[in-house]
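Breakdown of the fold
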Amino acid sequence: MRRTDRVSDLVTAARDGSPRAVARLITLVEEAPATGGEALREVMAALAPYAGHATVVGITGSPGVGKSTTTNALVTELRSGGRRVGVLAVDPSSPFSGGALLGDRVRMSDHATDSGVFIRSMASRGHLGGLAWTTPQALRVLDAAGFDVILIETVGVGQSEVEIAALADTTVVLLAPGMGDGIQAAKAGILEIGDLYVVNKADRDGADAVRRDLRGMLALADRREGAWRPPIVKTVAQSGTGLADVVAALDQHHDWLVATGELHRRRTRRAREEIEAIALDALRARWGEVGTSEQLDELAAAVAAGESDPYAAADRLLGS
């Protein structure tokens, strides 16, 4: 059987609810080289007619705020409303062994036997920004498989790792008491990307102070009339407290995205950035052998000797 036929069969089975087919498609995506590959291109082409229907929610925050526990509780709340939920949980890869514990899936074992939930752990493999490089492609697999909501849980991130905002329709930023003082709430980066802020572990001392600091930060933002104003929700994910409020806020934001046309703009921008990234990877691969050319050595020697400048040398290299 031709590979194209196998991919077609897998897509059909995935849309019929086969978790094995979904898992196999994601594996094909993960095994593809960064520059693409025949299998990846076939999978993406087969999925294209079915994608674009799921609500994509990104869940991010610093290590220790309870992202996995919150994701698990959020799945329970969404399932109680009858929605099919896909989860992509990104775990950090070891810089020494290259392996990853993939412990997020362990924390979500409550849903292991639920046919309406699909959970996939992904290793970051050194990719910065809180995601794995194949996360966008895996997201498209779950979307085409008919899941209503897709939750993407990032690696524990810092103030500048904001890649999730470009991938999700709604970005949820988790915070918790004791994870930093009030100044942290005013810093640029991760705290500027939130569509919804969740103060988890709200049964601890300091939760009200965290919410107060967030309100102060949001009050300083320059928002045009009609712009979305991110709500702040307090939760105790361990017990499920406040998760109904989180789901309600997510639904409100989705309704606002649709009503204002922002959902289309965000998804178009996402597709634009993905196309650009693929094109740049292809260009890098096409020029991969340039660094071994004799001409490059000659140009480098000329720049080092002051006989040329790097921009002129690059122009000559590209013109060759």
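Details of the structure are given in the entry above.
My aim in this report is to walk through the structure given alongside it, one point at a time.

Parameters and conventions
Residues numbered from 1 in each chain as written. Predicted model: local features only at pLDDT ≥ 70, side-chain atom pairs only at ≥ 80, totals over all residues. Heavy atoms only, no water. Helix = DSSP H or I, 4+ residues; strand = E, 2+ residues; numbered from the N terminus. Buried < 20%, exposed > 50% of the residue type's maximum accessible area, 1.4 Å probe, protein only. Contact = heavy atoms within 4.5 Å. Areas by Shrake-Rupley, 256 points an atom, 1.4 Å probe, with all protein chains shown as cover. Pairing = 2+ DSSP bridges. 1 Å grid on protein atoms, 1.4 Å probe; cavity = no way out; pocket = protein on both sides within 12 Å on 5 of 7 lines; lining within 4 Å. Points joined across faces, edges and corners; volume = space filled by probe spheres on them. Nonpolar A, V, L, I, M, F, W, Y, C, P; charged D, E, K, R; others polar. Axes fitted to C-alpha atoms, helices over the stretch in contact; angles between N-to-C directions. Left-handed = near helix turned anticlockwise from the far one by under 90°. Phe/Tyr/Trp six-rings, centres within 6.5 Å; stacked < 30°, edge-to-face > 60°. Parallel < 35°, antiparallel > 145°, perpendicular 65-115°, else oblique.

Counting its secondary structure elements, the chain contains 12 helices and seven strands. Out of the 320 residues in the chain, the part that is buried amounts to 43%. A separation threshold of at least 6 residues defines the contact pool for the chain, and within that pool the share at least 24 residues apart is 74%. Accessible area for the chain stands at about 16,600 Å²; split by element, carbon and sulfur atoms hold 52% of it.

With that out of the way, let us pick up helix α6 (residues 135-144). Burial analysis of α6 places eight of its 10 residues in the buried class, which makes it a mostly covered element. Every buried residue of α6 is accounted for by T135, Q137, A138, L139, V141, L142, D143 and A144. Of the residues flanking the end of α6, it is G146, one or two places downstream, whose phi is positive at about 95°.

A separate point is the pairing of strand β3 (residues 117-123). Burial analysis of β3 places seven of its seven residues in the buried class, which makes it a mostly covered element. Burial of the side chains of β3 extends over both faces: V117, I119, S121 and A123 are buried on one face and F118, R120 and M122 on the other. Across seven bridges, strand β2 (residues 85-91) lies against β3 in parallel orientation. Within β3, the position partnered with L88 by the bridge is R120.

To continue, consider empty space enclosed by the protein. All told, the structure shown has one cavity of 30 Å³ or more when counted by the stated rule. A volume near 30 Å³ is recorded for the largest cavity. Taken together, I59, T70, L74, V172, L174, V198 and V246 form the lining of the largest cavity. Among the elements of the structure, α4 (67-80) and β5 (170-175) are those that each provide at least two residues to the lining of the largest cavity.

Let's shift gears to the layout of surface pockets. By volume, the second largest pocket is sized at about 480 Å³. Along the wall of the second largest pocket there are 23 residues; nearest its centre are E192, I193, G194, D195 and R223. Put simply, the parts of the chain that give the lining of the second largest pocket at least two residues each are α8 (207-220) and α10 (262-286). Among the residues forming the lining of the second largest pocket, the class breakdown is 13 nonpolar, two polar and eight charged.

It is worth spelling out the sheet that holds β3 at this point. Across the sheet, seven strands lie side by side as β3-β2-β4-β1-β5-β6-β7; this open sheet has parallel pairing. Edge positions in the sheet fall to β3 and β7 (232-234), since each of these pairs with one other strand and no more. Averaged over all pairs of adjacent strands, the angle between their axes in this sheet comes to 20°, without regard to strand direction. Summarising the sheet, strand β6 (residues 196-199) and β7 pair through three bridges and their orientation is parallel. Counted as the bridge partner of V198 is V233 from β7.

Glancing now at the packing of helix α3 (residues 38-47) against α6. Taken N-terminus to C-terminus, the directions of α3 and α6 make an angle of 35°; their axes are 10 Å apart at the nearest point. When the axes of α3 and α6 are compared, the crossing they make is left-handed. Of the residues in α6, those in contact with L40, M44 and L47 of α3 are Q137, R140, V141 and A144. When the residues that make up the contact of α3 with α6 are grouped by side-chain class, the tally is five nonpolar, one polar and one charged.

As a further point, take the packing of aromatic side chains. Counted by the stated rule, this structure contains two aromatic pairs. Both rings, one in F118 and one in F147, keep their centres 6.5 Å apart while their planes meet at 50°; by these two values the pair is tilted. With F118 in strand β3 and F147 in the loop between α6 and β4 (149-153), this residue pair connects regions lying 29 residues apart in the sequence. With relative accessibility at 9%, the residue F118 sits in the buried group. For F147, a relative accessible area of 5% corresponds to the buried category. Geometrically, the ring pair formed by W228 and W256 is tilted, given 5.9 Å between the ring centres and 45° between the ring planes. Taken together, the residues W228 in the loop between α8 and β7 and W256 in helix α9 (residues 243-260) connect sequence positions 28 residues apart. Taking relative accessible area as the criterion, W228 reaches 16% and is therefore assigned buried.

β2 sits mainly inside the fold: seven of its seven residues count as buried. Where burial is concerned, the two faces of β2 agree: the one with V85, V87, A89 and D91 and the one with G86, L88 and V90 are both buried. Pairing of β2 with β4, which is carried by five bridges, proceeds in the parallel orientation. Within β4, the residue paired with V87 across the bridge is L151.

A few words now on the packing of helix α11 (residues 294-304) against helix α12 (residues 310-319). Running from amino to carboxyl end, α11 crosses α12 at an angle of 165°, the nearest separation of the two axes being 10 Å. As summarised for this structure, α11 and α12 are arranged roughly antiparallel, according to the angle between their axes. Crossing angle aside, the handedness with which α11 passes α12 is right-handed. Here Q295, L296, L299 and V303 of α11 come into contact with α12, specifically with P310, A313, R316 and L317. A per-class count over the contact of α11 with α12 returns six nonpolar, one polar and one charged.

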